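Single-letter residue listing:
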Amino acid sequence: MFASSINDETITALSTAPGVGAIAIVRLSGPQAFAIAQKIFLPRTALAPDLNLPPDWQPKSHTATIGFIVQRPSGNDLGRFIDEVVLIPYQGPNSYTGEDMVEINCHGSPIVTREILTLALSLGARLASAGEFTKRGFLSGRIDLTQAEAVLDLIHSKTERQSGLALSVLKGQLGEEIKAVRSKLMELLTRIVAGIDFPEEVGDLDTNDIEAITQDCRGRLAQLAKTARSGRYLREGLKLAIVGRPNAGKSSLLNRMLNFERAIVTDIPGTTRDSIEEPVDVNGIPVILIDTAGVRATEDAVEMIGIERTSKAIEEADLVVFMVDRVQGVGDEEEFIAARLLQFERPYLVVVNKVDLQAQNLGENFTELWAGSGDTAAQRLHDSSQAVQAVPINISARYGDGIDNLKAAIEEWALAGSAVQELGGSLNQRQGQLCLKALESLAFLQEAVQSGMPHDCLGTDLRQAVDALDEISGVAVTEEVITEVFANFCIGK
Ligand SMILES: Nc1nc2c(ncn2[C@@H]2O[C@H](COP(=O)(O)OP(=O)(O)OP(=O)(O)O)[C@@H](O)[C@H]2O)c(=O)[nH]1
Ligand SMILES: [Mg+2]
């Protein structure tokens with residue numbers, strides 16, 4: 001498709017992280033990769049028994065050979081030795097890029113890698129741009145666009161769960177599901193078109209058949225679309241703000257979840273003055289935890305600014321942990337927080353802290369009791385659908401009770417209802433939007449069928465749905481989209 005414009009060039013880059021290391025890998029890919037390797041590589045066997053003749057070395061695909069990188073001035077001169085390396089040629093199409101490729105495993109010195117790169121460049125290669133090796137793999141048809149994007153996710157994953165999901169997308173499972181839905185729609189389109197072109201022979205398709213297939217595809221795409229939300233949290237992480245009255249134990253919870261004493265904890269109300277943000281892995285989900293200043297009526301100028309920041313943290317959070325102090329119970333402070341949660345329409349979890357202490361009886365029904373107090377923000381919040389779960393989670397931030405329940409609730413909310421595991425990954429934002437586009441077209445299609453429109457009107461909606469799916473997997477995608485996808489890669493991948 002676009003391959004012809006770039007594939008006549010041979011590219012090279014350092015594929016391992018820059019800097020000093022035991023080993024580094026320099027890659028070459030393209031039509032001249034083997035020819036360049038032949039010019040710069042001298043197998044060790046060639047050195048025995050006399051150190052004279054550069055041999056006529058033939059690259060053997062998928063076979064590692066030990067030898068030297070040499071800069072040969074001319075003729076039979078052995079040239080200048082640059083490094084001892086292990087070289088592996090991969091003959092296309094059985095390579096990462098689908099082209100002839102060479103991997104040079106050299107010593108991890110920036111001087112050595114620079115010299116090898118310079119040598120390859122002097123022999124006609126050019127430096128690869130970011131993600132160009134993977135891009136070539138995509139353009140050669142070896143992987144689809146969802147797999148190429150998974151390579152990027154895998155490189156940047158921060159938790160085991162993220163890397164596991166990226167790997168299953170890379171294995172192609174998610175792409176297979178999209179392909180399966182696409183082929184069902186394509187079959188329907190072909191049958192409809194055949195019915196239009198050859199009305200005598202084929203005739204109109206049964207409306208029930210069209211509806212059944214559309215319904216099935218809509219269901220499967222809806223499942224895929226659902227993974228986009230959790231995919232965003234798994235990929236980019238989610239912001240979780242801990243809010244509550246002073247002394248409720250917010251900073252204690254932050255420290256407990258981080259497993260170190262990050263925030264200052266004292267029994268003086270108003271200890272935390274400014275929001276503190278820390279990243280933490282919650283059951284494989286990268287979470288940015290935000291500890292906030294306790295909310296109360298105050299004259300203190302610094303504390304007032306802190307409380308304003310708490311409001312801001314609520315506004316910007318994906319999920320809010322609304323912490324209630326079991327000893328102090330609920331009052332104006334909680335009413336203030338309820339009002340902010342309503343204002344910013346944030347989902348929240350109620351956490352009752354200090355269960356190790358015997359005090360106010362804030363049991364399972366506490367939200368009912370608290371909310372049942374007339375026209376209050378608490379009541380309105382209770383009546384809204386913002387609560388992630390009806391029952392509060394009892395914890396002890398100081399001693400660790402209930403923390404696992406809290407983590408499980410956060411995980412459940414982040415992955416809500418999406419079959420990420422079963423589908424072998426999650427759609428990213430680009431793919432998710434296209435999936436919604438396909439769903440929209442299918443909704444139009446179903447409406448048209450139900451309102452008895454003639455079948456020749458259905459083709460356009462079906463086509464649009466198929467086009468959107470093709471754009472997800474990269475079968476039909478603009479150069480612009482490709483450039484954007486690969487721009488996020490690093491050089492050498
Ligand atoms: N017994 C008991 N005490 C706790 C618990 N969690 C916190 N505390 C104590 O409550 C006091 C306040 O804790 P912090 O974590 O500083 O409370 P905070 O909500 O961050 O308070 P501000 O920063 O003032 O808003 C400290 O003395 C903690 O040791 C708990 O689960 N059980
Ligand atoms: Mg605090």
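Note that this is a predicted model, so its numbers are computed, not measured. (Residues numbered from 1 in each chain as written. Chains lettered and ligands numbered in written order. Predicted model: local features only at pLDDT ≥ 70, side-chain atom pairs only at ≥ 80, totals over all residues. Heavy atoms only, no water.)

Q: Is there a simple way to explain the overall build of the protein chain in this structure?
A: In terms of helices and strands, the protein chain carries 18 helices and 13 strands. Rg of the C-alpha trace for the protein chain: 30 Å, well past the compact-globule value of 23 Å for 493 residues, more than 25% over. By its C-alpha atoms, the protein chain is 95 × 75 × 35 Å across when sized along the principal axes. A total of 493 residues make up the protein chain; the buried ones form 49% of that total. Long-range contacts, defined as pairs at least 24 residues apart, comprise 71% of the intrachain contacts of the protein chain with a sequence gap of at least 6. If you sum the accessible surface of the protein chain, you get close to 23200 Å²; carbon and sulfur atoms cover 51% of it. Charged side chains of the protein chain number 44 positive and 68 negative; the gap between the two group centres comes to 6 Å. (Helix = DSSP H or I, 4+ residues; strand = E, 2+ residues; numbered from the N terminus. Rg over C-alpha atoms; globule rule 2.2 N^0.38 Å. Buried < 20%, exposed > 50% of the residue type's maximum accessible area, 1.4 Å probe, protein only. Contact = heavy atoms within 4.5 Å. Areas by Shrake-Rupley, 256 points an atom, 1.4 Å probe, with all protein chains shown as cover. Lys, Arg positive; Asp, Glu negative; His and termini not counted. Charge placed at Lys NZ, Arg CZ, Asp CG, Glu CD.)

Q: Which parts of the structure should I look at to understand the nonpolar core?
A: Generally speaking, a soluble globular protein has its nonpolar side chains buried in company with each other. Counting 35 residues, the largest nonpolar core has Leu185, Leu221, Leu224 and Leu469 as the members making the most contacts within it. Elements with a minimum of two residues in this core: α7 (173-197), α8 (207-236), α16 (429-450) and α17 (459-473). In terms of residue count, the dominant contributor to this core is α16 (8 residues). Aside from chain neighbours lying at most four places away, what touches leucine 185 is Cys217, Leu442, Leu462, Ala465, Val466 and Leu469. Ranked by size, the runner-up nonpolar core spans 34 residues in total, among them Leu240, Ile276, Val287 and Ile393. (Core = buried A, V, L, I, M, F, W, Y, C linked by side-chain atoms within 4.5 Å.)

Q: How should helix α2 (residues 33-40) be read in this particular structure?
A: Counting along an α-helix, one turn takes 3.6 residues, and residues three or four places apart therefore face a common direction. Within α2, the full set of buried residues consists of Ala33, Phe34, Ile36, Ala37 and Ile40. Viewed along the axis of α2, the buried residues span an arc of 160°, placing them on a single side of the element. (Arc of directions from axis to C-beta.)

Q: Hey, could you run me through the coordination of the magnesium ion (ligand 2) in this one?
A: When a metal holds four donors in a tetrahedron, each ideal angle between them is 109.5 degrees; when it holds six in an octahedron, the ideal angles are 90 or 180 degrees. Of the protein atoms, only Ser251 (OG) and Thr272 (OG1) coordinate the magnesium ion (ligand 2), at distances of 2.0 Å. Remark: threonine 272 occurs in the loop between α9 (250-258) and β9 (276-282) and serine 251 occurs in helix α9; sequence separation between them is 21 residues. With respect to burial, serine 251 and threonine 272 carry one shared label: buried. (Donors = N, O, S within 2.8 Å, 3.2 Å for Na, K, Ca; no water.)

Q: Whenever I open this one, the pairing of strand β4 (residues 65-71) confuses me. Can you help?
A: Here is the key point about a regular strand: its side chains alternate between the two faces of the sheet. Relative to β4, strand β3 (residues 41-43) runs antiparallel, the two being bridged by 3 bridges. Looking at the pairing, leucine 42 lines up with phenylalanine 68 of β4. Sheet analysis places β4 next to strand β5 (residues 80-90), joined by 7 bridges and oriented antiparallel. Across the sheet, residue isoleucine 69 finds its bridge partner in β5, namely aspartate 83. (Pairing = 2+ DSSP bridges.)

Q: Where do I start with the confidence of the model for the protein chain in this structure?
A: Parts of the model with low pLDDT should not have their predicted coordinates read in detail. Model confidence for the protein chain is summarised by a mean pLDDT of 88, while 91% of its residues fall at 70 or above. In this model, residues 1-5 is a region of pLDDT below 50 whose contacts with residues beyond four sequence positions or in other chains number 6 contacts. (pLDDT = per-residue confidence, 0-100.)

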